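# Architecture and fold: a report
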Amino acid sequence: RPTVCSERVWRRVEVTPLSVARHTGTVSTEAAELSSLTTDVTDVLDRVTALAEQLAGEGGGDGANELFEAERSLQAALRRMEAALRAIG
């Protein structure tokens, strides 16, 4: 599900223990932990995005812009976490 922010569409990173298991045949403890952390970061990303969009709609320019920047950083973190999962597997 894409996330829309400031007229840009960001692709949501989807990583699950099942996707790791399909790749490796098993889920290591480290991969399971990283997958759980990825889920937590995704939840935070959703909350940050929702707040940024709310502030943008209310004219909270600077605050919304800062949160959209945080959203981009979280997206980058999720991509790196997905790469780490592939490396572990």
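Preceding this section is the structure that the text describes.
First things first, this report covers the structure right here in the doc. Because the structure is a prediction, the values reported are computed rather than measured.

## Let's talk about the overall build of the protein chain
- Helix and strand counts for the protein chain stand at 3 helices and 2 strands.
- Listing every helix and strand of the protein chain by position from the N terminus yields β-β-α-α-α.
- Of all 89 residues assigned to the protein chain, the portion counted as buried reaches 29%.
- A separation threshold of at least 6 residues defines the contact pool for the protein chain, and within that pool the share at least 24 residues apart is 64%.
- About 5800 Å² of surface is accessible on the protein chain, with carbon and sulfur atoms providing 53% of the total.

## Looking at helix α2 (residues 29-57)
- Taking 1.5 Å per residue as the helical rise, α2 with its 29 residues ought to reach 42 Å, and the 42 Å between its terminal C-alpha atoms agrees with that figure.
- Where α2 is concerned, the buried positions are Ala31, Leu34, Ser35, Thr38, Val41, Thr42, Leu45, Val48, Thr49 and Ala52.
- Phi for Gly59, located one or two positions after α2, is positive at around 80 degrees.

## Section: the packing of α2 against helix α3 (residues 61-88)
- Axis separation between α2 and α3 bottoms out at 9 Å; the angle between their running directions is 165 degrees. By the angle between their directions, the pair α2 and α3 is classed as roughly antiparallel. The handedness of the crossing between α2 and α3 comes out as left-handed.
- Considering only residue class, the contact of α2 with α3 consists of 21 nonpolar, 6 polar and 3 charged.

About the thresholds
- Residues numbered from 1 in each chain as written.
- Predicted model: local features only at pLDDT ≥ 70, side-chain atom pairs only at ≥ 80, totals over all residues.
- Heavy atoms only, no water.
- Helix = DSSP H or I, 4+ residues; strand = E, 2+ residues; numbered from the N terminus.
- Buried < 20%, exposed > 50% of the residue type's maximum accessible area, 1.4 Å probe, protein only.
- Contact = heavy atoms within 4.5 Å.
- Areas by Shrake-Rupley, 256 points an atom, 1.4 Å probe, with all protein chains shown as cover.
- Expected span 1.5 Å × (residues − 1).
- Axes fitted to C-alpha atoms, helices over the stretch in contact; angles between N-to-C directions.
- Parallel < 35°, antiparallel > 145°, perpendicular 65-115°, else oblique.
- Left-handed = near helix turned anticlockwise from the far one by under 90°.
- Nonpolar A, V, L, I, M, F, W, Y, C, P; charged D, E, K, R; others polar.

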